[in-house]
Amino acid sequence: MAGKWPRIVARYTMRVSPWMDVIEREVEFAPGAPIQSYHAVGQADYIAILAMTPQRLIPLVRQYRPAVEAFTWELPAGLVDPGEDAAETCKRELLEETGLRARAVRALGTASPCTGRMSNRIHSFFVETGAPERKPESGIEVRFVSEAELVAAITGGEFISQLHLGTIALAAARGLLDLAEG
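The rules we used
- Residues numbered from 1 in each chain as written.
- Predicted model: local features only at pLDDT ≥ 70, side-chain atom pairs only at ≥ 80, totals over all residues.
- Heavy atoms only, no water.
- Pairing = 2+ DSSP bridges.
- Helix = DSSP H or I, 4+ residues; strand = E, 2+ residues; numbered from the N terminus.
- Axes fitted to C-alpha atoms, helices over the stretch in contact; angles between N-to-C directions.
- Contact = heavy atoms within 4.5 Å.
- Expected span 1.5 Å × (residues − 1).
- Buried < 20%, exposed > 50% of the residue type's maximum accessible area, 1.4 Å probe, protein only.
- Arc of directions from axis to C-beta.

Enquirer: Before we go on, may I ask you to explain the sheet that holds strand S6 (residues 70–74) in this structure?
Expert: Sheet strands line up and pair through hydrogen bonds in the backbone, either parallel or antiparallel. Taken in spatial order, the three strands make up an open sheet running S6-S5-S10, and their pairing is antiparallel. Single-partner strands in this sheet number two, and they are S6 and strand S10 (141–145). Averaged over neighbouring strand pairs, the angle between their axes works out to 25 degrees when direction is ignored. Against the sheet, helix H1 (residues 86–98) engages strand S5 (58–65) and S10, with an angle of about 75 degrees to S5.

Following this line, the structure appears as structure tokens:
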């Protein structure tokens, strides 16, 4: 019986917007046990990019986030379009948000943003870039920081995206980023 329980006995999806669904799963944890309902947010997979220029500067982007009703500093990021490869999304989003073209793209890993409430995945990338080629898209401000300045932004509470902190940790764990400078 170990492989059969718990089991999903029903699944319902409600489209909330083009970017989000609410998914209800009815779960039976053991034979004859009461059915329990669990809800999750359904979104497209997401990418986060730790980019580095030849001068070892990291682009951060500032934009208004209605979910937290504030402007935030984050890594370049975005949702993977249907049928699009995550690495291609990475290149596209980096160029759109920072004006930087990817020279080399390295996948850092794929993880769950929140195993208790979200059903999508986050793909983290480390990207080596060239110089800016164009202006960022409207509504986005770009700031280039050193590794020490990134650490200061994190420890000072200026950089608050937990998902992006995971991407930074993956890059540091692979020796691509030196967080000891801060």
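Enquirer: Please explain the side chain of threonine 53 as it appears in this structure.
Expert: Tracing the backbone shows threonine 53 in the loop between strand S4 (46–52) and S5. The contact partners of threonine 53, leaving out residues within four places of it in the chain, are Thr129 and Phe144.

Enquirer: Before we go on, may I ask you to explain the sheet that holds strand S9 (residues 122–132) in this structure?
Expert: The sheet built from four strands is open, its strands ordered S7-S4-S9-S8 with mixed pairing. Edge positions in the sheet fall to strand S7 (77–79) and strand S8 (100–111), since each has one partner strand and no second. Averaged over all pairs of adjacent strands, the angle between their axes in this sheet comes to 25 degrees, without regard to strand direction. In terms of strand pairing, S8 meets S9 through nine bridges, oriented antiparallel. Along S9, the bridge assignment pairs alanine 111 with isoleucine 122. In this fold H1 packs onto S4, S7, S8 and S9, with an angle of close to 130 degrees to the strand it touches most, S8.

Enquirer: How do you make sense of helix H3 (residues 162–173) when you look at a structure like this?
Expert: Each turn of an α-helix holds 3.6 residues, which means side chains three or four residues apart point in the same direction. Helix length check: H3, at 12 residues, gives a terminal C-alpha distance of 16 Å against a target of 16 Å (1.5 Å per residue), a fit within 8%. Residues of H3 that are buried: His164, Thr167, Ile168 and Ala171. Buried residues in H3, looked at end-on, bunch into an arc of 100 degrees, giving them a common side. Exposed and facing more than 90 degrees away from the buried side of H3 are Gln162 and Ala173. On the buried face of H3, the contacting elements are S4, S6, S7, S8, S9 and helix H2 (147–155).

Taken by themselves, the reported measurements are silent on function.
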